[in-house]
Amino acid sequence: MTSRVPKGLQLIKQFQRYTSSVYHPPSLTNIPQRWESLPLPLKEEMQEYIDWQMKGAWQEMPLLEKQAAYYISYGTWGPRSKTTEGPLQSSKQQINIPYLTIRGLFNLALFSAVGVAMINWKKDKEVRHGVPSGSSA
């Protein structure tokens, strides 16, 4: 005589079999050589994994994870990369005059607006409290 498992229990067991998986961390070997060619989701997963590992005791971390953590934190990638070409680091032209001019004008307008807002705020505060602008109270 065989015992029959209810259909609901079978579905639960199948669901547990497909969803209960063990996490395997990404490979951290040769991070400095591979980092630039890795896809962004894998880089983010590695950063999250290393952050999670660093929450524990550093003495218990394997040497490979310590090296990966150091490279991810302080390595020559992103803004520290020697091959990064931003508006001021172009290999053809050291100083981009139109870019600097537009950026300077934008910053001037921004800070001028903040200055005018502060002056108006002070005047509005004096008017609300009934203090004349020329007198000292």
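Our subject is the structure listed above.
Residues numbered from 1 in each chain as written. Predicted model: local features only at pLDDT ≥ 70, side-chain atom pairs only at ≥ 80, totals over all residues. Heavy atoms only, no water.

## Section: the overall build of the protein
- A count of helical and extended segments in the protein gives 5 helices and 0 strands.
- Seen in sequence order, the protein has helices and strands lined up from the N terminus as α-α-α-α-α.
- Here the protein holds 137 residues, and the buried ones make up 14% of them.
- Intrachain contacts of the protein at a sequence separation of at least 6 include 31% that bridge at least 24 residues.
- Of the accessible surface of the protein, which amounts to about 11800 Å², a share of 61% is contributed by carbon and sulfur atoms. (Helix = DSSP H or I, 4+ residues; strand = E, 2+ residues; numbered from the N terminus. Buried < 20%, exposed > 50% of the residue type's maximum accessible area, 1.4 Å probe, protein only. Contact = heavy atoms within 4.5 Å. Areas by Shrake-Rupley, 256 points an atom, 1.4 Å probe, with all protein chains shown as cover.)

## Examining the environment of Ser-73
- Here Ser-73 is to be found in helix H4 (residues 63–74).
- Through-space distance from the C-alpha of Ser-73 to that of Gln-47 is 9.1 Å; in sequence the pair is 26 residues apart.
- A polar side-chain atom of Ser-73 sits 3.0 Å from the main-chain carbonyl oxygen of Ala-69. (Polar contact = N/O pair within 3.5 Å; in protein donor to acceptor, adjacent residues only side chain to side chain.)

## Some thoughts on helix H5 (residues 97–129)
- Here H5 is 33 residues long and its end C-alpha atoms lie 48 Å apart, about the 48 Å a rise of 1.5 Å per residue gives.
- Looking one or two residues beyond H5, the residue adopting positive phi is Gly-130, at roughly 75°. (Expected span 1.5 Å × (residues − 1).)

## Observations regarding the packing of aromatic side chains
- Going through the model one piece at a time under the given rule, you end up with 4 aromatic pairs.
- Residues Trp-35 and Tyr-71 carry aromatic rings whose centres are separated by 6.5 Å and whose planes lie at 75° to one another, so their mutual orientation is edge-to-face. With a gap of 36 residues between them, Trp-35 in the loop between helix H2 (31–34) and helix H3 (40–54) and Tyr-71 in helix H4 connect regions that are remote in the sequence. Across this residue pair, the class does not change: Trp-35 and Tyr-71 are buried.
- Aromatic pair Tyr-49 and Trp-52: ring centres 6.0 Å apart, planes at 45°, arrangement tilted. Here Tyr-49 pairs with Trp-52, and both are found in helix H3, just 3 residues apart, close to one helical turn. (Phe/Tyr/Trp six-rings, centres within 6.5 Å; stacked < 30°, edge-to-face > 60°.)

## Here's the deal with the packing of H3 against H4
- At a minimum axis separation of 10 Å, H3 and H4 run at an interaxial angle of 120°. Put simply, H3 runs oblique to H4. Of the two elements, H3 crosses H4, and the hand of that crossing is left-handed. Listed contacts from H4 to Met-46, Gln-47, Tyr-49, Ile-50, Gln-53 and Met-54 of H3 are Glu-65, Ala-68, Ala-69 and Ile-72.
- Classifying every residue of the contact of H3 with H4 by side-chain character gives 7 nonpolar, 2 polar and 1 charged. (Axes fitted to C-alpha atoms, helices over the stretch in contact; angles between N-to-C directions. Parallel < 35°, antiparallel > 145°, perpendicular 65-115°, else oblique. Left-handed = near helix turned anticlockwise from the far one by under 90°. Nonpolar A, V, L, I, M, F, W, Y, C, P; charged D, E, K, R; others polar.)

Distances and angles like these do not, on their own, reveal function.
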